[in-house]
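Fold and geometry: a report
Chain by chain, the residues run as shown.
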Amino acid sequence: EPEVTQTPSHQVTQMGQEVILRCVPISNHLYFYWYRQILGQKVEFLVSFYNNEISEKSEIFDDQFSVERPDGSNFTLKIRSTKLEDSAMYFCASSDRKNYGYTFGSGTRLTVV
Amino acid sequence: AQKVTQAQTEISVVEKEDVTLDCVYETRDTTYYLFWYKQPPSGELVFLIRRNSFDEQNEISGRYSWNFQKSTSSFNFTITASQVVDSAVYFCALSSSGGYNKLIFGAGTRLAVHP
């Protein structure tokens, strides 16, 4: 069964550093997403991406965050200057059409120290 | 505004018991979709079911069943004859047909099944 692949599975970074989280969505999917889950809390929507642009973003997704699909297969989330409160599990997801069951990646656990 | 409420924070049962996880949602949209996801201790999100707002038929998949009632805005999930492997956090989620399909998650219910 096709999978969404996320790398790395765990990243530790120092406060103020830039991080890039990587995702390879399912190849024929057109809609891409990032979600965040702070430890022990609910999963929160960050951003959706369609047709090479952001289609919707939450208030969490401020100027410190950006997304990119640089080469037609990868989908990245960049955090420019990490803060302690950015520590969370970040999930990438993709969908082949609106409102179909998402496929989530296995997540990247980001720890900011 | 859209909202998903999972009032049960934690449930503890003994193996072979039946357990129902509650989900209540709020939306003004007439077309929407409801989901259940399982998050085992390993952390990934496992898709269980999607239901659209026009399909109120209950669904059964093995030991899992779902009861969708628009009249009470509920989409409850029952595990029959629970097993230790069912121990996980279960999330209910909602999305509307408009926009680009962001999922609004409930806070989750942690299910512990003891031998």
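Here, residues in each chain are numbered from 1, in the same order as that chain's written sequence. Chains and ligands are labelled sequentially in the order written, the chains with letters from A and the ligands with numbers from 1. For a predicted model such as this one, the threshold for reporting local features is a pLDDT of at least 70, and the threshold for listing and counting side-chain atom pairs is 80 or more; totals across whole chains, interfaces and linings nevertheless cover every residue. Calculation of side-chain values draws on the structure's entire complement of heavy atoms; hydrogens and water are dropped beforehand.

1. What about the pairing of strand β12 (residues 109-114) of chain B?
Residues and elements named next belong to chain B. The classification of residues rests on relative accessible area computed with a 1.4 Å probe and restricted to protein chains. Under 20% of the type maximum is buried, over 50% is exposed, and intermediate values are partly exposed. Helix and strand labels come from DSSP, where a helix needs a run of H or I of at least four residues and a strand needs a run of E of at least two; each type is numbered from the N terminus. Taking every second residue as pointing to the same face, the buried face of β12 carries T109, L111 and V113, while none of R110, A112 and H114 on the other face is buried. As defined by bridge partners, strand β2 (residues 10-14) adjoins β12 across five bridges and the pair is classed as parallel. Within β12, the position partnered with V13 by the bridge is V113. When strand β10 (residues 88-96) meets β12, the two strands line up antiparallel, connected through three bridges. Opposite V89, over in β12, you have R110 as the bridge partner. Between any two strands, pairing holds if DSSP finds at least two bridges.

2. Some words on the interface of chain A and chain B
Contacts are assigned to residue pairs that have any heavy atoms within 4.5 Å of one another. Listed as interface residues are 22 residues of chain A and, on the opposing side, 21 residues of chain B. Put simply, buried area is the surface a 1.4 Å probe can reach on two separate parts but cannot reach once they are joined, added for both. Both sides of the chain A and chain B interface together cover about 1,800 Å² of buried area, and 57% of this is carbon and sulfur. Salt bridges are counted wherever a side-chain nitrogen of Lys or Arg sits within 4 Å of a carboxyl oxygen of Asp or Glu. Where chain A touches chain B, the interface holds one salt bridge. Its salt-bridge partner being E56 of chain A, residue K102 of chain B comes within 3.1 Å of it at the nearest N-O pair. Throughout this description, a polar contact denotes any pair of N or O atoms lying within 3.5 Å of each other; where both atoms belong to protein, one of them has to be capable of donating a hydrogen while the other can accept it, and for residues adjacent in sequence the pair is counted only when both atoms sit in side chains. Taken together, chain A and chain B are joined by three residue pairs in polar contact (both at pLDDT 80 or more). Of all the elements in the fold, those that place two or more residues in the side of chain A that touches chain B are β4 (31-37), β5 (43-50), β6 (53-57) and β9 (88-95) of chain A. Each residue is assigned to one class: nonpolar for Ala, Val, Leu, Ile, Met, Phe, Trp, Tyr, Cys and Pro, charged for Asp, Glu, Lys and Arg, and polar for all the others, Gly among them. Of the residues assigned to the side of chain A that touches chain B, the class counts are 11 nonpolar, eight polar and three charged.

3. Points about the environment of D63 of chain A
With respect to the helices and strands, D63 of chain A occurs in the loop between β6 and β7 (65-68). As for D63 of chain A and R80 of chain A, which are separated by 17 residues in sequence, their C-alpha atoms are 8.5 Å apart.

4. Some remarks on the state of the cysteines
A pair of sulfur atoms, both from cysteines and within 2.5 Å, is called a disulfide here. Per the stated rule, a full pass over the model turns up two disulfides over all chains. Residue C23 of chain A pairs covalently with C92 of chain A via a disulfide, S to S 2.0 Å. Across the disulfide from C23 of chain A to C92 of chain A, rotation about the S-S bond amounts to roughly -65°, and the bridge is consequently left-handed. Placement of C23 of chain A in strand β3 (residues 19-24) and of C92 of chain A in strand β9 is noted, with a sequence separation of 69 residues between them. In this structure, C23 of chain A and C92 of chain A share a single accessibility class: buried. In this model, C23 of chain B is linked to C92 of chain B through a disulfide, with the two sulfur atoms separated by 2.0 Å. Handedness here is read from the sign of the S-S torsion; for C23 of chain B and C92 of chain B, about -65°, the answer is left-handed. Of the two residues, C23 of chain B sits in the loop between β3 (19-21) and β4 (24-26) while C92 of chain B sits in strand β10, which places them 69 residues apart along the sequence. The pair formed by C23 of chain B and C92 of chain B is uniform in burial state, with each residue classed as buried.

5. Considerations on the pairing of strand β5 (residues 32-39) of chain B
Residues and elements named next belong to chain B. Along β5, eight of the eight residues are buried, which leaves the element largely enclosed by surrounding structure. Here β5 shows a buried face lined by Y32, L34, W36 and K38 and a second buried face lined by Y33, F35, Y37 and Q39. Relative to β10, β5 is paired through eight bridges, and the arrangement is antiparallel. Looking across to β10, one finds that L34 is bridged to L94. Summarising the sheet, β5 and strand β6 (residues 46-52) pair through six bridges and their orientation is antiparallel. The residue bridging Y37 from the neighbouring strand is F47, located in β6. Adjacent in sequence and paired antiparallel, β5 and β6 are bridged by six residues, among which G43 carries a positive phi angle near 100°.

6. A word on the packing of aromatic side chains
Two aromatic rings, drawn from Phe, Tyr or Trp (for Trp, its six-membered ring), form a pair once their centres lie within 6.5 Å of each other, and the interplanar angle then sorts them: stacked below 30 degrees, edge-to-face above 60, tilted otherwise. Within the structure shown, the criterion is met by 25 aromatic pairs over all chains. Measuring from centroid to centroid gives 5.3 Å for F49 of chain A and F75 of chain A, while their planes differ by 45°, and the two rings are tilted. Taken as a pair, F49 of chain A in strand β5 and F75 of chain A in strand β8 (residues 75-79) lie far apart in primary sequence, 26 residues in all. Grouping residues by exposure puts F49 of chain A and F75 of chain A together as buried. Members of the aromatic cluster, connected to one another through ring pairs, are Y33, Y35, F45, F91 and F104 of chain A together with F35, Y37, F47, F91 and F105 of chain B.

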